[in-house]
Amino acid sequence: MMQQRMQHRRYFASTAISLILLLVQGGADAFQATSTSLLGVSNRLRSSQTVLAGQRNGSHNDEGVDNIIVRSSSRRSFFTQQAPSILAAATIVANTLPILPANAEDDLIDVYFGCGCFWHVQHEFVEAERTILGRADDELTSRAGYAGGKAGASNGKVCYHNAQNIADYGKLGHAEVVSMRIPSSKFEEFAVEYCKLFDKDGNRPDQFGDRGTEYRNVVGIPGGKSSPLAESLVKASLKTGDKLDFAVGKGDDRDLAKVSFIMDTADFPAFGAEQYHQFHDGFKLDENYPNSYNSLAGKFAQKGEDFGKCPNGMIGIGIGGL
């Protein structure tokens, strides 16, 4: 295994040097034509590909959202504009590429997804963590929570509806979300799972039940619309039928069908929900998950996870939001 990694490293270095020579001898066209051997980006950018979807032909949304944006970029413009940075990075990496354990995860990022009630959504992302990342129960990071409000927390708290009216997430402008910590390279696969939650017409699972800003569609990523992850989000939508438009979230956003708001996690972080909301059965009558799933919240609490000090639901029972 070690010998194979060293061969990959030498290949990387020789390829980087070849690219530098080609750029000098043949200019940007030669660099563009051969750069895929190093970067593996043959499918990364399509000519005039939409980076943030919206206002395409047959646009899904005509409800007056003024922050749905479109950006186009061709391979040629990308590589000619970014060639100096890519060459510098290639040279550095070729000389210093570390040999990592085979099972090491790349950069971990905190993201969140929201589309309606978080109970069902959390279950789907727990399954995604298991399937995509091979995580065991004690490694799962998907948590029900709240995000997207301008007010942030109130006295350090964001709570579900409660009789004491303490830090009510709805009044703070938040939506129900599921947060997780995943490798950045796997974000698009998780985004695909998110898009699969919507039906063929772009409606979320409970579109005709739970409505309002507390259930609006949101995706939180580091950097928001300026992040490369925004492009991955659009690609995921295209892979699953191009059902959604994406708008730039400004906080306290409206609940719009077929539109998901992209939030910058630096400005709009996720706040964890109460323990009784974690690993809960789904909102539909046939979504009764096994006890091995429902009991995970208690197990994490026993290991020291802090689920906050909010009141136990609307009337203090702490079951089903009551």
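Scroll up to find the structure.
Residues numbered from 1 in each chain as written. Predicted model: local features only at pLDDT ≥ 70, side-chain atom pairs only at ≥ 80, totals over all residues. Heavy atoms only, no water.

(A) Layout of helix α5 (residues 187-196). By the criterion of burial, α5 is predominantly enclosed, with 7 of the 10 residues buried. Turning to α5, its buried residues are Phe187, Glu188, Phe190, Ala191, Val192, Tyr194 and Cys195. (Buried < 20%, exposed > 50% of the residue type's maximum accessible area, 1.4 Å probe, protein only. Helix = DSSP H or I, 4+ residues; strand = E, 2+ residues; numbered from the N terminus.)

(B) The arrangement of the pattern of salt bridges in detail. The tally for this structure, following the rule as stated, stands at 11 salt bridges. Linking Arg130 and Asp137 is a salt bridge whose minimum nitrogen-to-oxygen distance equals 2.7 Å. A relative accessible area of 33% means that Asp137 is categorised as partly exposed. Measuring nitrogen to oxygen at the nearest pair gives 2.9 Å for the salt bridge that ties Asp255 to Arg204. Linking Asp255 in the loop between β5 (245-248) and β6 (259-264) with Arg204 in the loop between α5 and β4 (218-221), this pair joins segments that are 51 residues apart in sequence. Taken together, the shared-partner salt bridges in this structure form one network comprising Glu127, Arg130 and Asp137. (Salt bridge = Lys/Arg side-chain N within 4 Å of Asp/Glu carboxyl O.)

(C) A look at the environment of Cys159. By secondary structure assignment, the location of Cys159 is in the loop between β2 (143-147) and β3 (175-183). Classification of Cys159 as buried rests on a relative accessible area of 0%. Along the sequence, Cys159 and Gly145 sit 14 residues apart, while their C-alpha atoms lie 9.1 Å from each other. Every residue in contact with Cys159, bar those within four places of it in the chain, is listed here: Tyr146, Ile166, Ala167, Asp168, Tyr169, Glu274, Cys310 and Pro311. (Contact = heavy atoms within 4.5 Å.)

(D) Examining the environment of Thr265 more closely. Along the chain, Thr265 turns up in the loop between β6 and β7 (271-272). Excluding anything up to four places from it in sequence, Thr265 contacts Asp110, Tyr112, Gly220, Ile221 and Pro222.

(E) Representation of the nonpolar core. Core analysis: the largest hydrophobic core is formed by 44 residues, its most contacted members being Phe113, Phe125, Phe187 and Tyr194. Of all the elements in the fold, those that place two or more residues in this core are β1 (108-114), α4 (118-133), β2, β3, α5, β4 and α6 (228-239). When near neighbours in sequence (up to four residues on either side) are disregarded, Phe125 contacts Phe113, Ser142, Val178, Met180, Phe190, Glu193, Tyr194 and Leu197. Counting residues in hydrophobic clusters, the runner-up holds 10 residues, among them Ala247, Leu256, Met263 and Phe268. (Core = buried A, V, L, I, M, F, W, Y, C linked by side-chain atoms within 4.5 Å.)

(F) Broad picture of the sheet that holds β1. The strand order β5-β6-β4-β1-β3-β2-β7 describes an open sheet built from 7 strands, whose pairing is mixed. Two strands close off the open sheet at either side, each with one partner strand: β5 and β7. The pairing of β2 with β7 spans 2 bridges and is antiparallel. When the bridges of β7 are listed, Tyr146 appears paired with Phe271. Packed on one face of the sheet, α4 meets β1, β2 and β3 and runs near 10 degrees to β3. (Pairing = 2+ DSSP bridges. Axes fitted to C-alpha atoms, helices over the stretch in contact; angles between N-to-C directions.)

Structural measurements only, silent on function.
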